[in-house]
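Survey of secondary and tertiary structure
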Amino acid sequence: MNIPPLNAVETHLRHCLLLKADDLYFTLAEPLGEAVRNDFLGISVEGLADENLSDDEIASIDLGRFAVAHKVHSLHVMLENRGLSLDHDHRPDVEDARNSALDFLEHFLSTLPDVALGGVDLTPARNGEVRRVFNLAYAWLNLIETIESAFYGQTQSTLTVADLALLSGLDTRTLRNRCGPGKLIRTSTERVLQARNSASAAFVHLHALDAMDWLKGRKNFEISEIDPVWIARQLADATPPNAARGLLMAGITNLGALSDWTPSFGFTPEQARGWFDQGEALPPAIADNLARRLALSH
């Protein structure tokens with residue numbers, strides 16, 4: 001993943017806040033507009049904030065005053081650590097990150113003006129480093145959901161080709177050639193509505209095991225290992241088919257691409273894909289050996 005440096009993200013966030021501040025300034029009548037804008041930024045401004053503040057003055061804006069800055073920082077830390085949740089690098093949890101950070105950031109970005117508010121047009125700030133963090137975090141959480149969902153029997157991921165491109169660092173066109181029925185990363189033929197409003201109304205799901213296996217096969221891709229205690233807890237409540245899918249997904253996450261470790265367990269990547277697709281319980285000896293190995297991997 002090409003994660004922008006935190007200092008660049010914070011600089012860009014300050015420019016986003018300038019847009020927000022000048023929006024307040026234009027919305028309210030004087031003198032209230034100026035007072036609210038200055039209170040919002042925590043500094044005094046004459047005229048338009050995006051025109052008249054120096055770089056040093058912009059850098060002096062205290063991000064600690066803004067809830068959105070805390071959300072951006074927490075998502076950035078999760079991405080930098082390749083963590084599986086906001087609060088714990090090794091325990092998958094998508095819901096909290098989406099509800100408490102990602103949705104909040106998406107709302108903030110959606111409220112920024114998309115037309116110029118004066119002589120200097122800073123509206124491209126909507127699509128800078130903060131937007132990059134949002135897009136990466138969206139794709140990353142889709143990946144974590146793919147790992148989680150395997151323990152509940154899901155074979156299709158919530159990942160799109162665009163998500164996989166962001167996570168791998170490849171361009172979307174190159175990656176699209178590797179996805180499809182019978183290709184390296186298989187896709188489902190069922191089209192479903194996509195939640196992302198800015199994207200197409202429908203998309204094709206990537207096969208969960210294929211997508212994760214392909215990512216783990218890339219030298220520059222990293223993801224935190226899953227806590228064996230979390231794995232054991234999921235397996236305790238899983239049916240045999242779901243346990244098989246969860247074990248195989250956890251195996252890829254913690255041990256590497258299928259081709260790296262399946263031979264030492266006495267089966268092939270093709271057999272693993274068959275068990276995953278058909279929802280077949282793993283042979284007892286393989287399941288026990290894999291569970292023991294995962295318990296030692298973290």
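All figures in this text were calculated on a predicted structure; none of them were measured in a lab. (Residues numbered from 1 in each chain as written. Predicted model: local features only at pLDDT ≥ 70, side-chain atom pairs only at ≥ 80, totals over all residues. Heavy atoms only, no water.)

A closer look at the pattern of salt bridges
If you walk through the whole model with that rule in mind, you get seven salt bridges. Note that R37 and D22 form a salt bridge whose closest N and O atoms lie 3.2 Å from each other. Taken together, the residues span a long stretch of sequence, with R37 in helix 2 (residues 32-41) and D22 in helix 1 (residues 6-27) at a distance of 15 residues. Each member of the pair, R37 as well as D22, carries the same accessibility label: buried. Between R273 and D213 there is a salt bridge, with its nearest N and O atoms 3.0 Å apart. Of this pair, R273 sits in helix 14 (residues 269-278) while D213 sits in helix 10 (residues 208-216), and the two are 60 residues apart along the sequence. Of the residues examined, R273 reaches a relative accessible area of 23% and is grouped as partly exposed. Where salt bridges share partners, they join R186, D210, D213, R273 and D277 into one cluster. (Salt bridge = Lys/Arg side-chain N within 4 Å of Asp/Glu carboxyl O. Helix = DSSP H or I, 4+ residues; strand = E, 2+ residues; numbered from the N terminus. Buried < 20%, exposed > 50% of the residue type's maximum accessible area, 1.4 Å probe, protein only.)

Quick look at the confidence of the model for the chain
Of all residues in the chain, 93% have pLDDT values of 70 or greater, and the mean over the chain is 89. Per-residue pLDDT, averaged within each element of the chain, yields its smallest value for strand 1 (residues 187-193) (58) and its largest for helix 5 (residues 67-81) (97). Long-range and interchain partners of residues 196-202, a stretch whose pLDDT sits below 50, account for eleven contacts in this model, where long-range means more than four residues apart. (pLDDT = per-residue confidence, 0-100. Contact = heavy atoms within 4.5 Å.)

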